[in-house]
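Residue-level structural notes
If you want the building blocks of each chain, they are given just below.
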Amino acid sequence: SISEVVATASHSTLYVFGARDWERGGVEGPLFVCKRPKSYVLIILNRLAIDNLVQTLEPSLEFEVIAPYLVFRKPDGLIRGLWFHSLDEHATIAHLVTSLAQPLDPLGGGGGGD
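Conventions used here
Residues numbered from 1 in each chain as written. Predicted model: local features only at pLDDT ≥ 70, side-chain atom pairs only at ≥ 80, totals over all residues. Heavy atoms only, no water. Buried < 20%, exposed > 50% of the residue type's maximum accessible area, 1.4 Å probe, protein only. Helix = DSSP H or I, 4+ residues; strand = E, 2+ residues; numbered from the N terminus. Pairing = 2+ DSSP bridges. Core = buried A, V, L, I, M, F, W, Y, C linked by side-chain atoms within 4.5 Å. Contact = heavy atoms within 4.5 Å.

On to the pairing of strand 3 (residues 40–44). Counted residue by residue, strand 3 has five buried out of five residues, so it is predominantly covered. What you see with strand 3 is no split at all: Tyr40, Leu42 and Ile44 on one side and Val41 and Ile43 on the other are buried throughout. For strand 2 (residues 22–35) and strand 3, the ladder comprises five bridges, and the chain directions are antiparallel. Across the sheet, residue Leu31 finds its bridge partner in strand 3, namely Ile44. The loop that links strand 2 with its antiparallel partner strand 3 comprises four residues. As defined by bridge partners, strand 3 adjoins strand 4 (residues 53–57) across five bridges and the pair is classed as antiparallel. Residue pairing in the sheet places Ile44 in a bridge with Leu53 of strand 4.

What follows is the structure, given as structure tokens:
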């Protein structure tokens, strides 16, 4: 369950890196960064189909910020990129997501300045 919407972007498009180049991932629409009881999640509500992107923000994700893209590599090697219509929203979401994906503070503080 979601306890809070932390940030939003009006439009984002998912890209997936294939064998040699980027391909559209079939997901685009408004993006939300949400707080769950023990984690944060990035969600794109898909305007193209019924499958939404739901990605838990965790330390195992490797991020690279290349405006207007936010690129991330999953532990299984899959590389995905998010394109943002707005550079201001890109900057806000990229900063927030990269900080929230950091390991939790063992003294009780959460990633991203809980």
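In terms of nonpolar packing, the biggest core is built from 22 residues, with Leu31, Val33, Leu42, Leu57, Leu82 and Ile93 touching the most fellow members. Of all elements in the fold, only strand 1 (4–17), strand 2, strand 3, strand 4, strand 6 (69–73), strand 7 (79–84) and helix 1 (87–100) reach the threshold of two or more residues within this core. Ranked by the residues each element gives to this core, the list is headed by helix 1, at five residues. Residues within four places of Leu31 in sequence aside, it is in contact with Ala7, Thr8, Ala9, Ser12, Leu42, Ile43, Ile44, Leu82, Phe84 and Ile93.

Geometric values such as these leave the question of function open.
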